[in-house]
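Here's the letter readout for the chains.
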Amino acid sequence: MDGNTIKKFVRERYAGIARQGTSCCGPEASCGCGGETESGSRKIGYSSEEVDAVPPGADLGLGCGNPVALASLRKGDVVLDLGSGAGFDCFLAARAVGPEGKVIGVDMTPDMIEKARGNAEKGGYGNVEFRLGEIENLPAADRSVDAVLSNCVINLSPDKEKVFSEAYRVLKPGGRVMISDIVLVRELPEAVAGSMAAYAGCVAGAIRKEEYLRLMEEAGFRDVRVVQESGSDIAAGEAAGSIMSMTTFGVKPSSVPGGECCAPKSGNVSPCCGGGSPSKAVIRYEDTFVDGQVETPAGPVPRVHSRIGRRDVLGRWKVRWGIGRDGYRVAPGLYALGAPDGNAPVLVSANYKLTFDVVRRDVAGLDAWILVLDTRGINVWCAAGEGTFGTGEVVRRVTEAQLAEVVIHRRLVLPQLGAPGVAAHEVRKGCGFSVEYGPVRARDIRSFLDAGMKASPAMRRVAFPTMDRIVLTPVEITGFLRPAGWAAAVLFLLAGIGPGIFSLGAAWERGFAGVAALTAGILAGAVVTPVLLPWLPGRAFSVKGGLAGGALAACAVVWQRGSLDAPAALALLLAMTAVSSFVAMNFTGATPFTSPSGVEKEMRRALPVQAGLTVLAGLLWVGGAILR
Ligand SMILES: C[S@@+](CC[C@H](N)C(=O)[O-])C[C@H]1O[C@@H](n2cnc3c(N)ncnc32)[C@H](O)[C@@H]1O
């Protein structure tokens, strides 16, 4: 299928839909065709209020997500909608940007443009304009829009690479894209892949998710991420389940004043544009820690306060128990604490909400900037090990926040534990900011700043006190709940094996004893070992855990000596030692003392021993019962 033929076919199909006024009445499918337009739109993420707010006929049920809801549009923004159809998303965006903003819809189908213009007139939209044109050659000036939206259109383009590079071109530095589209989950059946009707129906032109994200990155977008994914019922028959709907986000990096380029080049297009208008931080007023904004030469920056409220405490408690742990994040970017000015220090932190809360709480009263890196929701120490608290991310965030316009100095204060991930000289080369490694703990930041950015040896000392270890134990326990459940089921099964092949009574009675030993082994590794960590002999956590589990098992054997025979007692001893050793080894990830390579080495040595002890314990337990 050549590009021009495809476009001609697609244009004819959507012209027909524009004339008919609905996506689903024609003999052949179109994007979003899945029933009533309005209920279909609710299904893909529009509220009833949104559906009712646009002029009748604007919602043709052609979308596959709600990019407007997720685009964080602000009053005054200029927005461009790629493939605007009858204008549904444009009208919603128009409400968000207000009369001081502007929305431009671009579509290649004259009938759609005519319909959209009619809808704009019906609805009295003075800030929406529809332009006839192709999304591969956008009728818009370079660096003229704040946000690019698109809904179920790019899959229809035979030249997706060009579409992304055009979106990049028209965006101002710091501008963002929010795209809902159809992507492939698996290869389409041949007949569908070659069908023009399936192409126009948003199925055959879809590409794999990974390729889609790669094309966005190659166009120069940064912070590219999937915001939402869901199944799609557009494809039926043989192709059902081959596609899904995906909403993605990306940012065009800001330029650095003076033309110096910080951001890495990617593909053919350089993200370094130089001299664009100031970018604005994405203001997230819905976050309870944000209480306003601070105006800066680079645009408004969200202002946070130092109070830790009930929601923060509840959130902390939940993540301590492993509930919603992965999503406990703050949006990366620049935040203002208090009333910082151009001389205020810039504290760099991770976007794990617990880390962020500790920083804003511990520097209460200070006027500072907090630059939050996207560490994928993990703390500074772990992120430094994984490279997300790293040189590239620091440079990227400094650039995107246009920090050089916000502060006069050129210094960043990084937490000491972030040092393994960041090469200070590379950061300076990348964006002109020098790196000062601050204290290990946020509570020492004020003293560090008061001392002229000098850290005392005590501030640099890495400690892991008892309380810090105790608070980590709940998540250690919850991490083992699922495997423990499976292990318990196996134990009940094994417990029933005996001289009479299988006895339910024995399964019940001995099964409980086995599960009790398993539980004790987990607690020995997940609680006793962390609490007694400095006092348990040995360096390896597996050894410390093994000793704790073994000692606990020995106490249990003595206590139960009347009811345990020798094989069962030995089995208990070996099993608890192995389980506790394994669970304790897991705790290495929580400490600031062990390196990833050290952990790997320990695992290579300890795992075979732990597995051997477990097998031996199982044989003794089952064998002892059979021979009894
Ligand atoms: C599935 S509809 C989506 C319409 C709209 N975004 C919505 O959600 O209601 C696809 C629209 O994109 C337009 N379109 C498809 N390919 C295009 C291209 N290469 N350039 C411009 N518009 C295009 C079609 O004319 C059609 O109006």
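As the structure is a computational prediction, the values presented were derived from the model and not from experiment. (Residues numbered from 1 in each chain as written. Predicted model: local features only at pLDDT ≥ 70, side-chain atom pairs only at ≥ 80, totals over all residues. Heavy atoms only, no water.)

**Considering the confidence of the model for the protein chain**
Of the residues in the protein chain, 89% have a pLDDT of 70 or more, and the chain-wide mean is 85. Throughout residues 24-28 the model reports pLDDT below 50, and contacts reaching past four residues in sequence, or to other chains, amount to 7 contacts. (pLDDT = per-residue confidence, 0-100. Contact = heavy atoms within 4.5 Å.)

**Let's talk about the pattern of salt bridges**
Scanning the entire structure with this criterion turns up 30 salt bridges. Here Arg95 makes a salt bridge to Glu49, at a shortest N to O gap of 3.0 Å. Linking Arg95 in helix H5 (residues 88-97) with Glu49 in helix H3 (residues 48-53), this pair joins segments that are 46 residues apart in sequence. Residue classification places Arg95 among the partly exposed residues on the basis of a relative accessible area of 37%. On the basis of relative accessibility, which here comes to 48%, the residue Glu49 falls in the partly exposed class. The salt bridge partner of Lys172 is Asp146, with a shortest N-O separation of 3.3 Å. One end of the pair, Lys172, is in strand S5 (residues 171-184); the other, Asp146, is in strand S4 (residues 145-151), and 26 residues separate them in sequence. (Salt bridge = Lys/Arg side-chain N within 4 Å of Asp/Glu carboxyl O. Helix = DSSP H or I, 4+ residues; strand = E, 2+ residues; numbered from the N terminus. Buried < 20%, exposed > 50% of the residue type's maximum accessible area, 1.4 Å probe, protein only.)

**Here we look at the state of the cysteines**
Within the structure shown, the criterion is met by 1 disulfide. A disulfide bridge connects Cys64 with Cys152, and the sulfur atoms are separated by 2.3 Å. In this structure, the disulfide formed by Cys64 and Cys152 twists by about 125 degrees around the S-S bond and is classed as right-handed. With a gap of 88 residues between them, Cys64 in the loop between H3 and helix H4 (67-70) and Cys152 in the loop between S4 and helix H7 (160-170) connect regions that are remote in the sequence. Summarising the burial analysis for this pair, Cys64 and Cys152 share the class buried. (Disulfide = S-S within 2.5 Å.)

**With respect to the site of the ligand**
As a matter of local geometry, the ligand sits amid 22 residues, with Gly83, Asp107, Thr109, Ile135 and Asn151 nearest to it. Within the side chain of Glu136, an N or O atom sits 3.1 Å from a nitrogen atom of the ligand. Alone, the ligand offers 590 Å² of accessible surface; in the complex the protein occludes 99% of this. Across the shell around the ligand, the residue classes break down as 10 nonpolar, 7 polar and 5 charged. (Near = heavy atom within 4 Å. Polar contact = N/O pair within 3.5 Å; in protein donor to acceptor, adjacent residues only side chain to side chain. Areas by Shrake-Rupley, 256 points an atom, 1.4 Å probe, with all protein chains shown as cover. Nonpolar A, V, L, I, M, F, W, Y, C, P; charged D, E, K, R; others polar.)

**Examining the nonpolar core**
Ranked by size, the top nonpolar core spans 34 residues in total, and within it Leu334, Trp369, Phe389, Val398, Leu403, Leu412 and Phe433 carry the most contacts. If you list the elements that add at least two residues to this core, you get strand S10 (333-337), strand S11 (346-350), strand S12 (368-373), helix H13 (380-386), helix H14 (391-400), helix H15 (403-406), strand S13 (411-414) and helix H16 (424-431). Counting 31 residues, the second largest nonpolar core, distinct from the first, contains Val145, Val148, Val163 and Ile179. (Core = buried A, V, L, I, M, F, W, Y, C linked by side-chain atoms within 4.5 Å.)

**Digging into the pairing of S5**
Burial runs high along S5: 14 of the 14 residues are buried. Note: S4 against S5, 6 bridges, orientation parallel. Bridge pairing in S5 links Asn151 to Ser180. Considered for its hand, the β-α-β crossover made up of S4, H7 and S5 is right-handed. Sheet topology note: the S5/strand S7 (residues 243-251) ladder contains 9 bridges and is antiparallel. Of the residues in S7, the one forming a bridge with Ile182 is Ser245. (Pairing = 2+ DSSP bridges. Right-handed = clockwise from strand over helix to strand, strands pointing away.)

**Some remarks on the pairing of strand S14 (residues 434-437)**
Relative to S14, S13 runs parallel, the two being bridged by 4 bridges. Bridge assignment links Leu414 to a residue of S14, and that residue is Tyr437. At this point the chain moves from S13, through H16, to the parallel S14, and the crossover so formed is right-handed.

**Remarks on the packing of aromatic side chains**
Overall, the coordinates contain 14 aromatic pairs when judged by the stated rule. For the ring pair Trp317 and Trp321, a centre distance of 6.3 Å and an interplane angle of 45 degrees mean the geometry is tilted. By relative accessible area, Trp321 is classed as partly exposed at 35%. Taking 6.1 Å as the distance between ring centres and 80 degrees as the angle between the ring planes, the aromatic pair formed by Phe480 and Phe582 counts as edge-to-face. In this pair, Phe480 sits in the loop between helix H20 (473-479) and helix H21 (481-495) while Phe582 sits in helix H24 (residues 566-586), placing the two residues 102 residues apart along the sequence. Exposure remark for Phe480: the relative accessible area of 11% places this residue in the buried category. Given the relative accessible area of 36%, Phe582 is considered partly exposed. In this structure an aromatic cluster arises from ring pairing among Phe91, Tyr125 and Phe130. Sitting over the face of the ring of Tyr168, Lys252 holds its NZ or CZ atom 4.6 Å from the ring centroid. (Phe/Tyr/Trp six-rings, centres within 6.5 Å; stacked < 30°, edge-to-face > 60°. Lys NZ or Arg CZ within 6 Å of the ring centre and 35° of its normal.)

**What about the sheet that holds S7?**
The strands making up a sheet are joined through hydrogen bonds of the backbone, oriented either antiparallel or parallel. Here 7 strands make up an open sheet; going across it, the order is S3-S2-S1-S4-S5-S7-S6 and the pairing mixed. Edge positions in the sheet fall to strand S3 (128-132) and strand S6 (222-231), since each has one partner strand and no second. The mean angle between the axes of side-by-side strands here comes to 15 degrees, regardless of whether they run parallel or antiparallel. Strand contacts of helix H6 (residues 110-123): strand S2 (102-107) and S3, with the helix running at about 165 degrees to S3, the strand carrying the most contacts. (Axes fitted to C-alpha atoms, helices over the stretch in contact; angles between N-to-C directions.)

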